[in-house]
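Notes for the structure review
Chain residues, written in single-letter form:
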Amino acid sequence: MALALQLGIDVFRQLIFAVLVALAWEWEKSIAWWNQSEHPMAEEIALLIAGLAAGGVSAFVWPRGYTAEPGFFEIGTVVSPVLTGIIMTVAGMLIRRAGKTPFALFAMRPATIVALGISLSRALMLTRDAI
């Protein structure tokens, strides 16, 4: 039960910062270099960098690390970004159903990439045994 609660808190943290990244992404989208790049991975790299930066900020805002339970670090680092991506995808579908256009990051792939960056950054900054 404690692990599920910790995972829920981790997903909540990632959702807050992923939505903030989605807002910034929409605002900067028209002038950003990755929209003009011909490299197919440019947007994914930019999403990961944005997620890493957001994770660094979130580690300062919520400096609580992972639980000491064995295995949670590995599970939390992978599962929570996927859950965040699913939640943001469902939110995007609900926004579309309401007749509005959701932000670009309210889709599975970009939301999961950003959340993975947040998760990795938090894990590296807040877990002594991460490396």
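Scroll up to find the structure.
Everything in this summary refers to the structure shown in the same document.

Criteria and cut-off values
Residues numbered from 1 in each chain as written. Predicted model: local features only at pLDDT ≥ 70, side-chain atom pairs only at ≥ 80, totals over all residues. Heavy atoms only, no water. Helix = DSSP H or I, 4+ residues; strand = E, 2+ residues; numbered from the N terminus. Areas by Shrake-Rupley, 256 points an atom, 1.4 Å probe, with all protein chains shown as cover. Contact = heavy atoms within 4.5 Å. Axes fitted to C-alpha atoms, helices over the stretch in contact; angles between N-to-C directions. Parallel < 35°, antiparallel > 145°, perpendicular 65-115°, else oblique. Left-handed = near helix turned anticlockwise from the far one by under 90°. Nonpolar A, V, L, I, M, F, W, Y, C, P; charged D, E, K, R; others polar. Phe/Tyr/Trp six-rings, centres within 6.5 Å; stacked < 30°, edge-to-face > 60°. Buried < 20%, exposed > 50% of the residue type's maximum accessible area, 1.4 Å probe, protein only. Expected span 1.5 Å × (residues − 1). Patch = residues over 30% accessible without salt bridge, like charges linked within 9 Å, V, L, I, M, F, W, Y side chains within 5 Å. Salt bridge = Lys/Arg side-chain N within 4 Å of Asp/Glu carboxyl O.

What follows deals with the overall build of the chain. Along the chain, the regular secondary structure elements total five helices and zero strands. N-terminal to C-terminal, the α/β element order of the chain is α-α-α-α-α. Entry remark: accessible area of the chain is about 7800 Å², with carbon and sulfur atoms responsible for 70%.

Inspection of the secondary structure assignment puts arginine 96 in helix H4 (residues 72-97). For arginine 96, the residues in contact, after removing those within four places along its chain, are Pro102 and Phe106.

A word on the packing of helix H1 (residues 2-28) against helix H3 (residues 42-61). Put simply, H1 and H3 touch, their axes get as near as 10 Å, and they point 130° apart. Comparing their axes, H3 and H1 come out oblique. Crossing geometry of H1 relative to H3 is assigned as right-handed. Across the interface between the two elements, Phe17, Val21 and Trp25 from H1 touch Glu43, Ala46, Leu47, Ala50, Ala54, Val57, Ser58 and Val61 from H3. Class assignment of the residues belonging to the contact of H1 with H3 gives a composition of nine nonpolar, one polar and one charged.

Attention shifts here to the packing of aromatic side chains. Scanning all chains against the criterion turns up one aromatic pair. Consider the rings of phenylalanine 103 and phenylalanine 106, whose centres lie 6.0 Å apart with planes at 50°: the pair is tilted. Overall, the relative accessible area of 31% leaves phenylalanine 103 in the partly exposed class. On the basis of relative accessible area, phenylalanine 106 is assigned to the buried category, the value being 10%.

With 19 residues, helix H5 (residues 108-126) extends 26 Å between its outermost C-alpha atoms, agreeing within 8% with the 27 Å of an ideal straight helix rising 1.5 Å per residue. All buried positions along H5 are accounted for by Pro110, Ala111, Thr112, Ile113, Val114, Ala115, Gly117, Ile118, Ser119, Ser121, Arg122 and Ala123.

On the surface, a nonpolar cluster with roughly 780 Å² of combined accessible area is contributed by Ile75, Val78, Val79, Val82, Leu83, Ile86, Val90, Met93, Leu94 and Met108. The biggest single contributor to the nonpolar patch is H4, with nine residues.

Looking now at the pattern of salt bridges. Evaluation of the coordinates by the stated rule reveals one salt bridge. For arginine 109, the salt bridge is made with glutamate 44, and the minimal N-O distance between the two is 2.6 Å. Taken together, the residues arginine 109 in helix H5 and glutamate 44 in helix H3 connect sequence positions 65 residues apart. Using a relative accessible area of 18% as the deciding quantity, one classes glutamate 44 as buried.

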